[in-house]
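The lines below spell out each chain.
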Amino acid sequence: MLALFYIFIAVAIGVSFWQITRIMNLRSVIATDKDNETQGKLALGFLAFLYAMMIYCLIAMNVIMLPEAASFEGEHDDNLFNITFWLIGIVQFAMQFLIFFFTYKYRGNKNNKALFYADSHKLELIWTTIPAVTIVLLIGYGLWAWNNIMYVGSEEDPIVIEVYSQQFRWDARYAGEDNQLGLGNVNYIKGINTMGVDMSDPSAQDDKQVTELYLPKGKKVLFKFRSQDVLHSAYMPHFRAQMNCVPGMVTQFAYTPKYTTAEMREKDEVKAKVEGINKIRRAKGEDPYEFDYLLLCNKICGASHYNMQMKITVVEEEEYNKWLSEQKTLAQVIK
Amino acid sequence: MSDHHHKETFVTKYIFSQDHKMISKQFLVTGIFMGIIGGFMSMLFRLQIAWPDTSFSIVEAFLGNHQTDGIMDPDMYLALVTIHGTIMVFFVLTAGLSGTFSNLLIPLQIGARDMASGFLNMVSYWLFFLSSVIMIISLFVEAGPASAGWTIYPPLSALPQAIPGSGTGMTLWLVSMAIFIASSLMGSLNYIVTILNLRTKGMKMTRLPLTMWAFFITAIIGVISFPVLLSAALLLIFDRSFGTSFYLSDIFISGEVLHYQGGSPVLFEHLFWFLGHPEVYIILLPALGISSEVISTNARKPIFGYRAMVGSIMAIAFLSTIVWGHHMFVSGMNPFLGSVFTFTTVLIAIPSAVKAFNYVTTLWKGNLQLNPAMLFSIGLVSTFVTGGLTGLVLGDSALDINVHDTYFVVAHFHLVMGVSALLGMFAGVYHWFPKMYGRMMNKALGYWHFWLTIITAYGVFFPMHFIGLAGLPRRYYTNTNFPMFDDLADINVFMTVMAIIGGAAQLIFIANFFISMYRGQKATQNPWKSNTIEWTTPVEHIHGNWPGAIPEVHRWAYDYSKTDENGEYVHGQDFVPQTVPLLDGEEPS
């Protein structure tokens, strides 16, 4: 019924528009010199608006950004991002200036003549070569960083952890003493064996299933991702890490945590962000927020996609070992 | 052809018309109608993002049993996002843009009586109409329309257990898209054949206006890539309905193991993006073609670097078919492939930069007639630059890891492809409205429409980059479960307000469009003093376009302000239509 009401309102607006046009001057259709004058100035005004917005966003939104990367691999990402962002920032400011300033400067007038200037191979060569060289350099650095992040050498001996996804929760499995995960398949899912681990596999016995991630600072961690139903994506923004979880295959991603959760909480930029958030939360009468690393789902996966998270805690190695030794092995839990 | 005495009835003239001019109007009006639906959906879900716990009677009014007390359900939120994307990408910016202007301009600008096959052209429109109807019907099925995102990745799109929209809603989506693809292919083949075979005397390929080059290359990439989407859709239909396992394997859902073995969703991603990426250029290139023409005409200046512009269209089109993997850097694909796709992707920046610089140089020292169409084209260059630059972040695999599927991506593609293409489409409508309807659109309303649109477009999508950099994933029904995103709430409110103003501003356009159609000032034959030959046809449409012989073409389309050494116009005026022969001793440009 309400929909009808809205449609009625829309029709009413349409009719009033129709009436307004009866008295409007519909003969005014082609830009005159006066229009060029006005619109040219508006273009200049728009340039000012655009600059103001860009500068405001760059400054004021600094505080909401993710803090410095919390993994060693993420450093590459941050460096590359800074270089790229500066570069595109400069080009953006310059190009927008040229576009709207020229619109103003060369606004039409019947006494003016446009310059017949159809081609210049020299200019075109310049603006093909400069982007090309810049881009080759960017690609070079980018690919170097990509390879550093994506390839895990066997000599690095990373800790293996499985991250397991389903609608709408995350679980994790530590590989235990042998640092080898027992095989898993959906056919083994039964009762408390929610991750479908093949319990006849010897390497599965010492695996440990948990609902929160604990990671040791300074040790490389190799995540193996599985999904039991639809695509999910394990997104750990603070570590600059993300990988899809794909049913039917195992994907992976590795990084080395750089700061413990406690250290991260002491960083100035994190404190500033947390303070900003808590100011909002206090005003709404909500509990204060404390910084934590998170793993979020970042691939549309169903109705509760927006609420699929797992806490990550980075601690010193001793504390990590202590925590891990307190967790029960699958052999203890399932058998 | 013109001397055939067709007996035209209402039905053959307005409904099952084979005249390209009528078909183009049919595409445009259908596209605008779909645009209203797609745009309205974005208003609804922007309300949800900004005020997730607030009850809205408009939500209550339109979403029926998919809302509770004026707050939409999470399923419905995803459905709205999905259908908004589908409608805008395919129905508005592919069919609405390409269908309208390719149909209108190809015969008129190359000097042909009509498309190579008028019948195929008519079928193409009616298939598009049918697919639109099916897509709209899918909004009304009990469990809701398709809601797995416009990219419809399986298994989510394959299993109704995973999300209710993957039932009948998804079936209708697939049927609608299959028909849409057939329509698009018929159109594209027609465009290619017409441009290659039906050019008038003197219209060499090197004299084609840039609009023609853009539509021609667009049609080619459409023909190359759309069939792949069709095959992807067919395999998905097989998985959904006939128990095959192309995309599915090892699935445990709703307490049971499904029988699927051996398929992979990554295969679907490859097939989908093999269309999906070229699709970006299928949308964008026509808009760039339109703006080239509009900017040159209104700057009273030749487009700078015609050959470079054609070359970069070709380079972009070629590269667009070998970059699809940049949507899949974190899909689990081999990292080596990621390197290859990074390389090819970032290369696209080079021809794109050439285009942007050439536009700016065309403005330089021009005599800019700031008509609404011109402003929209300038706006297109602006958003194309803003949105294109962030492509350097997303195309770089190492950087993509952290911004993949965040709002940074949403901001990027809305600016570079959504807003740019829409601005190009508006530019085209304002510029060629006199050719379509024999009347002019009102300029004051056009100015209001432009400034409100460009300000709100930046207001929505510029801050959006930053909430993406704050790590906010896209397609979240609400962010309130994550205190780390609490400080983004105000920005989201700002963006929603901007979006609503921007949406309302489009009503100005719609009013201007329909009112001018009936009441606008009568157009003169060549209102913008343009060189291209569509302006040599009579204002009143006739079948076969030109009453007598088709004019012969003697020069390229960009002899604006051509002066001799004394600074006098060679032809006594600042434009020289393509049909004017060269004077004695005049150098061709």
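Chain B is annotated in an unreviewed UniProt entry as Cytochrome c oxidase subunit 1 from Tenacibaculum caenipelagi. Per its UniProt entry, chain B bears the Subcellular location (unreviewed entry) comment "Membrane". Here chain B is described in UniProt, under the heading Sequence similarities (unreviewed entry), as follows: "Belongs to the heme-copper respiratory oxidase family."

For chain A, the name recorded in an unreviewed UniProt entry is cytochrome-c oxidase, with Tenacibaculum caenipelagi as its organism. If you open the UniProt record of chain A and go to Sequence similarities (unreviewed entry), you find "Belongs to the cytochrome c oxidase subunit 2 family." Listed in UniProt under the heading Subcellular location (unreviewed entry), the comment for chain A reads: "Membrane".

## Considerations on the UniProt feature "transmembrane region" (unreviewed entry) in chain A
All names here are of chain A. Annotation from UniProt places "transmembrane region" (unreviewed entry) at residues 6–21, 42–65, 85–104 and 125–146. Along residues 85–104 one finds 100% helix and 0% strand; the C-alpha atoms at either end are 28 Å apart. Counting secondary structure, residues 125–146 comes out at 100% helix and 0% strand; the distance between its end C-alpha atoms is 31 Å.

## Details of the confidence of the model for chain B
Of all residues in chain B, 99% have pLDDT values of 70 or greater, and the mean over the chain is 94. Here the predicted complex carries an ipTM of 0.94, next to a pTM of 0.95.

## Quick look at the pairing of strand E5 (residues 221–227) of chain A
Residue and element names in this part refer to chain A. Of all 7 residues in E5, 6 are buried; the element is thus mostly enclosed. Bridge count for strand E1 (residues 159–166) against E5 is 7 bridges, and the pairing is parallel. Within E5, the residue paired with glutamate 162 across the bridge is lysine 224. Pairing geometry for E5 and strand E8 (residues 251–255), over 5 bridges, is antiparallel. Each bridged residue has a counterpart across the sheet, and for leucine 222 the counterpart in E8 is alanine 254.

## Some words on the UniProt feature "domain: Cytochrome oxidase subunit II copper A binding" (unreviewed entry) in chain A
If you check UniProt for "domain: Cytochrome oxidase subunit II copper A binding" (unreviewed entry), the listed places come out as residues 156–326 of chain A in our numbering. Within the segment residues 156–326 of chain A, helix and strand shares are 18% and 32% respectively, and the terminal C-alpha atoms sit 26 Å apart.

## Some details on the domain arrangement of chain A
Size of an interface: often given as the accessible area lost when the parts come together. Residue and element names in this part refer to chain A. Partitioning chain A into structural domains gives domain 1 (34–107 + 121–151) and domain 2 (155–334). Computed over C-alpha atoms, the centres of domain 1 and domain 2 are 35 Å apart. Residues that form the side of domain 1 that touches domain 2 fall into these classes: 7 nonpolar, 2 polar and 3 charged.

Reading the values: the criteria
- Residues numbered from 1 in each chain as written.
- Chains lettered and ligands numbered in written order.
- Predicted model: local features only at pLDDT ≥ 70, side-chain atom pairs only at ≥ 80, totals over all residues.
- UniProt positions renumbered as here; feature names shortened; annotations may be inferred.
- Helix = DSSP H or I, 4+ residues; strand = E, 2+ residues; numbered from the N terminus.
- pLDDT = per-residue confidence, 0-100.
- Buried ≥ 20, exposed ≤ 12 C-beta atoms within 10 Å, placed from the backbone.
- Pairing = 2+ DSSP bridges.
- Domains from an automatic or database assignment.
- Nonpolar A, V, L, I, M, F, W, Y, C, P; charged D, E, K, R; others polar.

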